Amino acid sequence: MNPLVPLGILFLLPLTAIGLVLYTDTGISPDLFYAAVKTSVILIVVGGAISFAASKLAERSNG
């Protein structure tokens, strides 16, 4: 299993709590919530791509 899976789960727990507060707070613009979600998704995808590329490079150098 990729070591980023448990770290990703631990990372998503506080983000989910923060997102829930942003979404339910009436004083916060919904655009801020959607921007936070989009930024989080982009960072997770980039981190996963970097991890995948690093594992492939390590596999190639060991093989």
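Residues numbered from 1 in each chain as written. Predicted model: local features only at pLDDT ≥ 70, side-chain atom pairs only at ≥ 80, totals over all residues. Heavy atoms only, no water.

Turning our attention to the UniProt feature "transmembrane region" (unreviewed entry) in the chain. When the UniProt feature table is mapped onto this chain, "transmembrane region" (unreviewed entry) is found at residues 33-54. With 100% helix and 0% strand, residues 33-54 has its two end C-alpha atoms placed 32 Å apart. (UniProt positions renumbered as here; feature names shortened; annotations may be inferred. Helix = DSSP H or I, 4+ residues; strand = E, 2+ residues; numbered from the N terminus.)

We now examine helix α2 (residues 30-62). Under the 1.5 Å per step criterion, the end-to-end length of α2 is 48 Å for 33 residues, consistent within 8% with the ideal 48 Å. Residues of α2 that are buried include every one of F33, S40 and S51, and no others. Residues of α2 that are buried sit in contact with α1 (4-24). (Expected span 1.5 Å × (residues − 1). Buried < 20%, exposed > 50% of the residue type's maximum accessible area, 1.4 Å probe, protein only. Contact = heavy atoms within 4.5 Å.)

Among the secondary structure elements, S40 is positioned in helix α2. Judged by its relative accessible area of 18%, S40 is buried. Separated by 2.9 Å, the side chain of S40 and the backbone oxygen of A36 make a polar contact. (Polar contact = N/O pair within 3.5 Å; in protein donor to acceptor, adjacent residues only side chain to side chain.)

Turning our attention to the environment of D25. In this fold, D25 is placed in the loop between α1 and α2. Under the relative-accessibility criterion, D25 is labelled partly exposed at 36%.

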